[in-house]
Amino acid sequence: DYNADNVCNVMDLVLLKRDVLNKIDPVNDAITIHLSDSGITVENDTNGVTSVSGKTVTITASGNYKVDGSIADGQIFINIPDTKADAGDVELFLNDVTMASSTGAPCIYTQSAVKTKLTVSGTNTFTDTASAANATTSGVIYADGKLTVTKNSTGVLDITSSMNVGLYSTKNMNLNGGTIQVNTDVDTLSDADAIKTKNTLTVEGATVKVESSADGLKSTQEQVDVISGSVTVKAGNDAVQAATAINISGGTVIAGGDRGFRLDDLGTLNITGGDVIATATDYQITDSTTSLAN
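### As for unusual backbone geometry
Phi at N44 is positive, roughly 70°, even though this residue is not glycine. With respect to the helices and strands, the residue N44 is situated in the loop between β2 (41-43) and β3 (50-53). On the basis of relative accessibility, which here comes to 44%, the residue N44 falls in the partly exposed class. Backbone geometry places D96, a non-glycine residue, at a positive phi of 55°.

Right under this line is the structure:
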């Protein structure tokens, strides 16, 4: 009975959770992962929820993890054994991290977690130089689940890839802060999308800059929403593509490509706010019903 009203209910849980979280510094209390080619080291893991094998560090529980350092052909592997029992977020605080992959394996790979959150400070550089796309996990940063770049991000997430998708999630993706730069247009043979999800892709507060040999921002099954922030895309195919709708209600969107905005049949382009420029060598808008605010 946390609020002394003689009833134990969900309100007591909400108040308790609020007060506990207010007393926790998520960065200082985080498990710290130091990346290095000479060996990955971990600090402050009192519960044994991380393990290191070669150049891979595995995370097996939700919580906060601070990451720094540099490594080639290493991996942060997130694999929570039972997401029903542990449905919390895995939040990585990336501070001047440099990771490179020459094999096509993701630098950050979430195999099992409800949500992966990235909070970036400084400049964080992820590079994929593989000569072929990874057939099962094509993504320099790949999340089987939800993926969020948080509003607390103050730094840069810089992703460059020759053949693989830059940023990929199988469920909703939210880009809420920081500067996110993705370049998949570095190889003449490349046909890699830059930022891709199966479900809804939302930009709300982030600065997103994309150069892509294929599609720029893409949802294969649902919609793309731009609420605030800035989106600039130069794409070889579609700058922004969605299955059901592209909704722009604020911010700035500059969509340049073979096609500016593309939707599946019966999809809708809704522009109710913001500043929008679409340029194309083919069509600025294709396969859509377009709704413009007055």
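Next comes the rest of the write-up.
### Brief notes about a nonpolar patch on the surface
Together, V10, M11, L13 and V14 make up a nonpolar patch on the protein surface, roughly 390 Å² of accessible area in all. On the secondary structure map, M11 appears in helix α1 (residues 10-22). Classification of M11 as partly exposed rests on a relative accessible area of 42%.

### Digging into the side chain of Q75
Looking at the element boundaries, Q75 is found in strand β6 (residues 75-79). Residue class for Q75 comes out buried when judged on its relative accessible area of 14%. Beyond its immediate sequence surroundings of up to four residues, Q75 is in contact with K55, T56, V57, M99, A105, P106, C107 and Y109.

The rules behind the values
- Position numbers for residues count from 1 along each chain, tracking the sequence in the order it is written.
- Reporting of local features is limited, given that this is a predicted model, to residues whose pLDDT is at least 70; pairs of side-chain atoms are given and counted only at 80 or more, and all residues count toward the totals for whole chains, interfaces and linings.
- For side-chain calculations, the full set of non-hydrogen atoms in the structure is used, while hydrogens and water are omitted.
- Each helix is a run of H or I in the DSSP string that is no shorter than four residues. Each strand is a run of E no shorter than two, and both are numbered from the N terminus.
- Partly exposed residues are those whose accessible area sits between 20% and 50% of the maximum for their type, while under 20% is buried and over 50% is exposed, using a 1.4 Å probe and protein chains only.
- Within the patch definition used here, like charges are joined within 9 Å and nonpolar side chains (Val, Leu, Ile, Met, Phe, Trp, Tyr) within 5 Å, considering only residues with over 30% relative accessible area and no salt bridge.
- Note on areas: Shrake-Rupley, 1.4 Å probe, and residue coverage restricted to the protein chains presented here.
- What makes a salt bridge here is a side-chain nitrogen of Lys or Arg within 4 Å of a carboxyl oxygen of Asp or Glu, nothing more.
- Contacts are residue-level and defined by heavy atoms, with any inter-residue pair within 4.5 Å sufficient.

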